[in-house]
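Residue-level structural notes
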Amino acid sequence: MAYTILTESIFQWPGMGFLFMDAVTRVDAPLISAYLIVVGLIFVVTNTLVDVVYSMVNPRVRIPGYSS
């Protein structure tokens with residue numbers, strides 16, 4: 001998500017990066033907050049899924065309270 005603004009500006013694709021930059025320009029605080037929450041949620045969910053899959057693939061790694 002960090003490079004969406006760069007990618008969208010190079011390829012002229014409308015998306016979340018342009019939406020975020022437009023919200024910053026218009027000082028649209030609710031939209032900026034929603035964007036940051038969505039990006040943070042994507043980050044947390046992705047890292048959690050990677051940790052769970054890694055613990056299944058590598059039996060030496062254990063997640064406390066999780067049994068596979």
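Everything numeric here is computed off the predicted structure, so don't read it as measured data. Residue numbering note: each chain is counted from 1, following its sequence as written. Local features are withheld for residues below a pLDDT of 70 in this predicted model, meaning they are given only at 70 or higher, and side-chain atom pairs are given and counted only at 80 or more; totals for whole chains, interfaces and linings count all residues. The basis for every side-chain value is the complete set of non-hydrogen atoms in the structure, without hydrogens or water.

So, about the UniProt feature "transmembrane region" (unreviewed entry) in the protein chain. UniProt positions are given in the numbering used here, feature names are shortened, and annotations may be inferred rather than shown by experiment. Per the UniProt entry, the sites bearing "transmembrane region" (unreviewed entry) are residues 32-54 in this numbering. Numbering of helices and strands runs from the N terminus, with a helix taken as a DSSP run of H or I at least four residues long and a strand as a DSSP run of E at least two residues long. The span residues 32-54 carries 100% helix and 0% strand; its end-to-end C-alpha distance comes to 33 Å.

Moving on, we come to the UniProt feature "domain: ABC transmembrane type-1" (unreviewed entry) in the protein chain. UniProt's entry tags residues 4-62 with the feature "domain: ABC transmembrane type-1" (unreviewed entry), counted in the numbering of this structure. End C-alpha atoms of residues 4-62 are separated by 34 Å, and the span's content is 81% helix alongside 0% strand.

In this section: helix H2 (residues 16-26). For every residue, the accessible area (1.4 Å probe, protein chains only) is compared with the maximum for its type, and the residue is labelled buried under 20%, exposed over 50%, or partly exposed between those bounds. Taken together, the buried positions of H2 are occupied by Gly17, Phe20 and Ala23. Across the axial projection of H2, the buried residues extend over an arc of 125°, all falling on one side. Here the buried face of H2 lies against helix H1 (4-11) and helix H3 (29-57). One or two residues past the end of H2 sits Val27, with phi positive at roughly 55°. Picture the helix axis, draw a direction to every C-beta atom, and the arc is the one those directions span. Every residue pair with non-hydrogen atoms within 4.5 Å of one another is taken to be in contact.

Throughout this description, the term salt bridge denotes a Lys or Arg side-chain nitrogen within 4 Å of a carboxyl oxygen of Asp or Glu. Applying the stated criterion to the full structure yields 2 salt bridges. In this structure, Arg26 engages Asp22 in a salt bridge whose closest nitrogen and oxygen atoms are separated by 3.1 Å. Of this pair, Arg26 and Asp22 both sit in helix H2, 4 residues apart, roughly one helical turn. Taking relative accessible area as the criterion, Asp22 reaches 37% and is therefore assigned partly exposed.

The subject of this paragraph is the side chain of Ser55. Mapped onto the secondary structure, Ser55 falls in helix H3. The exposure class of Ser55 is buried, given its relative accessible area of 8%.

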